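Read off the chains here:
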Number of protein chains: 2
Amino acid sequence: MVKKQLIMEKSLELFVENGFESTSVQQITERCGISKGAFYLHFKSKDELIYCLIDQFMSEFIADVERSVSGDTPPEELLYNFLHLIFSEFQKQANIAKLFMKEQVVSFNKDLLEKMQMYQIMFNRIILSVVQRQYVQTDKKMHLDIVMVINGLTKSYSELIFLDNYSVDLDKLCKSIVEKVSIIAQHANIHTITLDYFASTNHQIQITRESIIELINEVLNEIDDHKIVRESLVLLKEHLKESNLSEVLVQGLLKNIRTHTRCKWIAFLYQLEIEKEGGQ
Amino acid sequence: MVKKQLIMEKSLELFVENGFESTSVQQITERCGISKGAFYLHFKSKDELIYCLIDQFMSEFIADVERSVSGDTPPEELLYNFLHLIFSEFQKQANIAKLFMKEQVVSFNKDLLEKMQMYQIMFNRIILSVVQRQYVQTDKKMHLDIVMVINGLTKSYSELIFLDNYSVDLDKLCKSIVEKVSIIAQHANIHTITLDYFASTNHQIQITRESIIELINEVLNEIDDHKIVRESLVLLKEHLKESNLSEVLVQGLLKNIRTHTRCKWIAFLYQLEIEKEGGQ
DNA sequence: TATACTAATGACTAATTGGTCAGTTGTCAA
DNA sequence: TTGACAACTGACCAATTAGTCATTAGTATA
């Protein structure tokens, strides 16, 4: 399995350097010092590689972001925590962050495109929930515009830092963005986006119990170690079908699996699903 | 020459649909209903096509932007004018605007990359000059951060409107952005970017008299009609070498050529060059 | 009609692409 | 030493690519 990681790392470098389309499998295998056949031992196709690369990063990333602004954070620290996590995660995974900034949606296959869209929506949802909690005083009509401001500032500062290699003090940067957003939340009156935008994009994302079960099965096939994680997953899967566990037990099981990187995404979707059920 | 325009239009469509790398010359010629040979009658290579496409749009775009915030605009309207021009220009040239948002710098050849970088710097300079004039009261240390805010907001709202097809009232949108930026200019205190960033990027852009003369010669070869434009260009070229005209005459000649789309860029660079000279 | 010219064609090439698979290598246990 | 097995190789394939060029079509002038 270590070779698979090697391929992912080296190919990521090449994608950042030359773009996805312009990087050939040949180039990847050369940089890895392996043969072409070895590549196809680990990935069914070049498309699967890019899909893996993005999915692995994004599922973990979104789940981390979600946790950084979870219920037990004081409302006034939400945005700061959110920003800090994003920028430090970008710093840790500089290559894939750059790939996201440079390469855009074009030229990805349909599956990946849909997935990306879903991540985008989830991301916006998280930001919206941050805004709703941190800026309770602000008129709700402004909330979506504030989401746009956060999105825009994050984007332009990210590019400055990671593409232009401008070095800043992370703490100061986050504080400065929080300051700007807070000022706007306090004083701005003109809003341009209405909730129908979110409504129109939200219904596109379909999380079903079946899709989560499928995901769990996938992960169960992949991990062999970690008895606790395996058994928790099995129990959670059971619960999805039969609803045979109390809430507190489910929360415990979710905490069990969240430590495993491959499960963060499942935990996130699971939480969303049971919240949806509870709300109805 | 009408066929060249056809190629540019149709190829632009395809680039937006599939990306630059994934669009083959074959596809372009098919959509145009012409043969492969005909394509290479108008463009030396596929690279030249994309270069033309971007350069033609950008040179005109930047020059228009620059004019929209020129000296005779009341300071309090500068940012509004700037934003309004950008968004309405994007609306007019929706396809190429989308291309810029979707396709990023990767996979372009070196020449084009340098050019793009130059445009980016010019763009930032224009925004900075807007900020400096409209927000004179604001601490200068905040100016670059305000530039970042404008950049970020423009970017995220553009994507919302042009990629997600969210329709908004242009006037209201611009007012809302101006409001946000003004609020930040008034209240924000934490700044994260220092002028050394601009200093470090600015020296990269080298406009020499020779390069302007070269540009003028290029355009002279391309346009046959328009006697006034031709003669103005020749006189301006002379003046670059000999400095034989008074400032007021030069300004008049610049006004003569600015009406011609292919000359807007030259006029812009020329203005920059003579200002540089005057300042020294 | 004959000539001269440009505009346009599309079969062609050489190179590269993603992907395959018969065969080789290395590493175990028996 | 043998045999079984998985990891790995790289020559190979069909498809596609950007770009070329001998040929043809169309048109204006003589």
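Residues numbered from 1 in each chain as written. Chains lettered and ligands numbered in written order. Predicted model: local features only at pLDDT ≥ 70, side-chain atom pairs only at ≥ 80, totals over all residues.

Near DNA strand C lie 15 residues; those nearest to it are Ser24, Gly37 and Ser45 of chain A together with Ser35 and Gly37 of chain B. Mapped by element, the contributors of at least two residues to the surface near DNA strand C are α2 (25-32) and α3 (36-42) of chain A together with α3 (36-42) of chain B. The greatest single-element share of the surface near DNA strand C, amounting to four residues, is contributed by α3 of chain B. Across the surface near DNA strand C, the residue classes break down as five nonpolar, six polar and four charged. (Near = placed C-beta within 6 Å. Helix = DSSP H or I, 4+ residues; strand = E, 2+ residues; numbered from the N terminus. Nonpolar A, V, L, I, M, F, W, Y, C, P; charged D, E, K, R; others polar.)

The two copies are related by a screw operation: chain A maps onto chain B through 180° of rotation and 0.0 Å of translation along the axis, at an RMSD of 0.1 Å. Both copies of the chain, as the preceding transformation shows, are related through a two-fold rotation axis. In terms of proximity to the rotation axis, the leading residue of chain A is Gly152 of chain A, whose C-alpha is 2.0 Å off the axis. Take the interface residues of chain A: 100% of them recur as interface residues in chain B, which is what a same-surface contact looks like. (Least-squares fit on C-alpha atoms with pLDDT ≥ 70 in both. Contact = placed C-beta atoms within 7 Å.)

Turning our attention to the protein's contact with DNA strand D. In the vicinity of DNA strand D there are 15 residues, among which Ser35 and Gly37 of chain A together with Ser24, Gly37 and Ser45 of chain B approach most closely. Listed by contribution, the elements that provide at least two residues to the surface near DNA strand D are α3 of chain A together with α2 (25-32) and α3 of chain B. Considering only residue class, the surface near DNA strand D consists of five nonpolar, six polar and four charged.

This part covers unusual backbone geometry. One non-glycine residue, Asn165 of chain A, lies in positive phi territory at about 55°. Mapped onto the fold, Asn165 of chain A is located in the loop between α8 (143-163) and α9 (170-187). The exposure class of Asn165 of chain A is exposed, given the 8 C-beta atoms found within 10 Å. A positive phi is found at Ser243 of chain B, a non-glycine position, where the angle reads about 50°. The topology assignment puts Ser243 of chain B in the loop between α12 (227-242) and α13 (247-258). (Buried ≥ 20, exposed ≤ 12 C-beta atoms within 10 Å, placed from the backbone.)

Counting from both sides, the interface comprises 36 residues of chain A and, opposite them, 37 residues of chain B. No other element matches α8 of chain A, which puts ten residues into the side of chain A that touches chain B. Considered class by class, the residues forming the side of chain A that touches chain B number 15 nonpolar, twelve polar and nine charged.

Our focus in this paragraph is the domain arrangement of chain A. Residue and element names in this part refer to chain A. Under the domain assignment used here, chain A contains domain 1 (1-43), domain 2 (51-202) and domain 3 (209-279). Domain 2 and domain 3 are separated by 26 Å when their C-alpha centres are compared. Contact with domain 2, which involves six residues of that partner, is made by five residues of domain 3. (Domains from an automatic or database assignment.)

When the UniProt feature table is mapped to this numbering, "DNA-binding region" (unreviewed entry) covers residues 24-43 of chain A. Between the end C-alpha atoms of residues 24-43 of chain A there is a gap of 14 Å, over a span that is 75% helix and 0% strand. (UniProt positions renumbered as here; feature names shortened; annotations may be inferred.)

Residues and elements named next belong to chain A. Where helix α11 (residues 209-222) meets helix α12 (residues 227-242), the closest approach of the two axes is 10 Å, and the angle between their N-to-C directions is 160°. Here α11 is positioned roughly antiparallel relative to α12, judged by the angle of their axes. In this structure, the crossing between α11 and α12 has a hand that is left-handed. Within the contact between the two elements, α11 uses Arg209, Ile212, Ile213, Ile216, Val219 and Leu220 and α12 uses Arg230, Leu233, Leu236, Lys237 and Leu240. For the contact of α11 with α12, the class distribution of residues is eight nonpolar, no polar and three charged. (Axes fitted to C-alpha atoms, helices over the stretch in contact; angles between N-to-C directions. Parallel < 35°, antiparallel > 145°, perpendicular 65-115°, else oblique. Left-handed = near helix turned anticlockwise from the far one by under 90°.)

Looking now at the confidence of the model for chain A. Reading fine detail from the predicted coordinates is not recommended where pLDDT is low. Of the residues in chain A, 92% reach a pLDDT of 70 or more, and the chain-wide mean stands at 88. In the model of chain A, helix α10 (residues 196-202) of chain A stands out as the element of lowest mean pLDDT, 62, in contrast to α9 of chain A, which has the highest, 98. (pLDDT = per-residue confidence, 0-100.)

Another point: helix α6 (residues 94-102) of chain A. Residues Ile96, Ala97, Lys98, Leu99, Phe100 and Lys102 of chain A constitute the buried set of α6 of chain A. Contacts from the buried residues of α6 of chain A go to α1 (2-18), α4 (46-68), α5 (78-92) and α8 of chain A.

On to the environment of Leu249 of chain A, then. Residues and elements named next belong to chain A. Positionally, Leu249 belongs in helix α13 (residues 247-258). On the basis of neighbour count, Leu249 is assigned to the partly exposed category, with 13 C-beta atoms found within 10 Å. The spacing of Leu249 and Leu235 is 14 residues in sequence and 10.0 Å in space, taken between C-alpha atoms.

What follows deals with the environment of Gln117 of chain B. Along the chain, the position of Gln117 of chain B falls in helix α7 (residues 110-134). As a C-alpha pair, Gln117 of chain B and Thr259 of chain B span 142 residues in sequence and 26 Å in three-dimensional space.

This part takes up the packing of α1 of chain A against α2 of chain A. When two helices pack together, their arrangement is given by the angle between the helix axes and the distance between those axes. All names here are of chain A. For the pair α1 and α2, the least separation of the axes is 9 Å and the interaxial angle reads 120°. The angle between α1 and α2 places the two elements in the oblique class. The crossing of α1 and α2 is right-handed. Of the residues in α2, those touching α1 at Leu6, Ile7, Lys10, Ser11 and Leu14 are Gln27, Ile28, Arg31 and Cys32. Tallied by class, residues from the contact of α1 with α2 come to five nonpolar, two polar and two charged.

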